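Read off the chains here:
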Amino acid sequence: MCFFWGTSYLGIRIGLESVSPAMLMCVRYTASGILLLIGARVKNVTIPGSRDFAITAFYGIIIIGIGTGAVAYSELWVPSGLTALFVATQPFWMVGIDSMLPGGERLYLPGLAGMLVGSIGVGILISPSVNGALSMASVTHGGIVLGFLILQFGQACWCGGSIAQRRLGVQAHPIVLGAIHQLATGLSFGIVAMFDGQPAHWNF
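Let me begin by describing the structure that accompanies this report.

About the cut-offs
Residues numbered from 1 in each chain as written. Predicted model: local features only at pLDDT ≥ 70, side-chain atom pairs only at ≥ 80, totals over all residues. Heavy atoms only, no water. Helix = DSSP H or I, 4+ residues; strand = E, 2+ residues; numbered from the N terminus. Buried < 20%, exposed > 50% of the residue type's maximum accessible area, 1.4 Å probe, protein only. Contact = heavy atoms within 4.5 Å. Core = buried A, V, L, I, M, F, W, Y, C linked by side-chain atoms within 4.5 Å. Expected span 1.5 Å × (residues − 1). Phe/Tyr/Trp six-rings, centres within 6.5 Å; stacked < 30°, edge-to-face > 60°. Salt bridge = Lys/Arg side-chain N within 4 Å of Asp/Glu carboxyl O.

**Here's the deal with the overall build of the protein chain**
In step 1: Within the protein chain, the regular secondary structure consists of nine helices and zero strands.
In step 2: Along the protein chain, from the amino end to the carboxyl end, the secondary structure elements read α-α-α-α-α-α-α-α-α.
In step 3: For the protein chain, the residues scored as buried account for 43% of the 204 residues in total.

This is how it looks when you write it as structure tokens:
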């Protein structure tokens, strides 16, 4: 899990050397969504009805489409290693959004203190002095700030969408949920890739 999840940031950066973020998301998630659906079919896992299918697809676009799409677009400006560190703010969004919703878990002082320390750490990471110390001469500070903001929007959508779908109580096998999420994301970014005007340079 750590290997495949952790190296995905580097994989995205390598992919962006050949294709646009939209095309990368399209190919990645269309392929994985189809493979998961085939696996579910082989295991005779029940596919949800049209209503639950549509709801799952919608939240898939919010959770994976916007959440991971923000990662892909942010890496146009932010190095992959720093991107991975910025994504570490995701628990802040999960806890914060859940606490603001009716019936959510309340925030207490220790949790607030931990979030404050984490936020200070992220602020240090995007500061100009640290950027210089990390020898990021090829990336402007403005680009890093823009990438950071894009990532935070994506993480907020990932967490908010995850919490909302969990509360809806859609009944489906986890493999099927993941397949629908990913296929919906891949197809939606395929539409974006058709109109973004960015050529692809496939390297094999």
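**Section: the side chain of Ser-74**
In step 1: Note on placement: Ser-74 falls in helix α3 (residues 50-74).
In step 2: With a relative accessible area of 0%, Ser-74 lands in the buried category.
In step 3: Not counting the four nearest positions on each side in its chain, Ser-74 is found in contact with Thr-83, Gly-147, Ile-150 and Leu-151.

**A short note on the nonpolar core**
In step 1: Ranked by size, the top nonpolar core spans 29 residues in total, and within it Ile-12, Val-71 and Phe-86 carry the most contacts.
In step 2: Sorting the residues of this core by element identifies α1 (2-15), α2 (21-42), α3, α4 (80-86), α8 (141-168) and α9 (174-195) as the ones contributing at least two each.
In step 3: The element that contributes the greatest number of residues to this core is α3, accounting for seven residues.
In step 4: In this structure, Ala-40, Ala-57, Ile-180 and Ala-184 belong to the second largest nonpolar core, which totals six residues.

**Some thoughts on α2**
In step 1: Counted at 1.5 Å a residue, the expected span for α2 with its 22 residues is 32 Å, and the 32 Å between its end C-alpha atoms agrees.
In step 2: Those residues of α2 that fall on the buried side of the exposure criterion are Pro-21, Ala-22, Leu-24, Met-25, Cys-26, Tyr-29, Thr-30, Ser-32, Gly-33 and Ala-40.

**Digging into the packing of aromatic side chains**
In step 1: Applying the stated criterion to the full structure yields two aromatic pairs.
In step 2: Plain terms: the ring middles of Phe-58 and Tyr-59 are 5.2 Å apart, the flat faces sit at 75° to each other, and that makes the pair edge-to-face.
In step 3: With centroids separated by 5.1 Å and ring planes inclined at 75°, the aromatic side chains of Phe-86 and Phe-148 adopt a geometry described as edge-to-face. Taken together, the positions of Phe-86 in helix α4 and Phe-148 in helix α8 put the pair 62 residues apart, joining distant regions of the chain.

**A closer look at the pattern of salt bridges**
In step 1: Overall, the coordinates contain three salt bridges when judged by the stated rule.
In step 2: The closest approach of N and O atoms between Asp-52 and Arg-51, which form a salt bridge, is 3.1 Å.
In step 3: Notably, a salt bridge pairs Arg-167 with Asp-98, separated by 3.9 Å at the nearest N-O pair. Note that Arg-167 is positioned in helix α8 and Asp-98 in helix α5 (residues 90-100), a separation of 69 residues in sequence.
In step 4: By relative accessible area, which is 14% here, Asp-98 ends up buried.
In step 5: One continuous salt-bridge network, built from bridges that share partners, spans Asp-98, Arg-166 and Arg-167.

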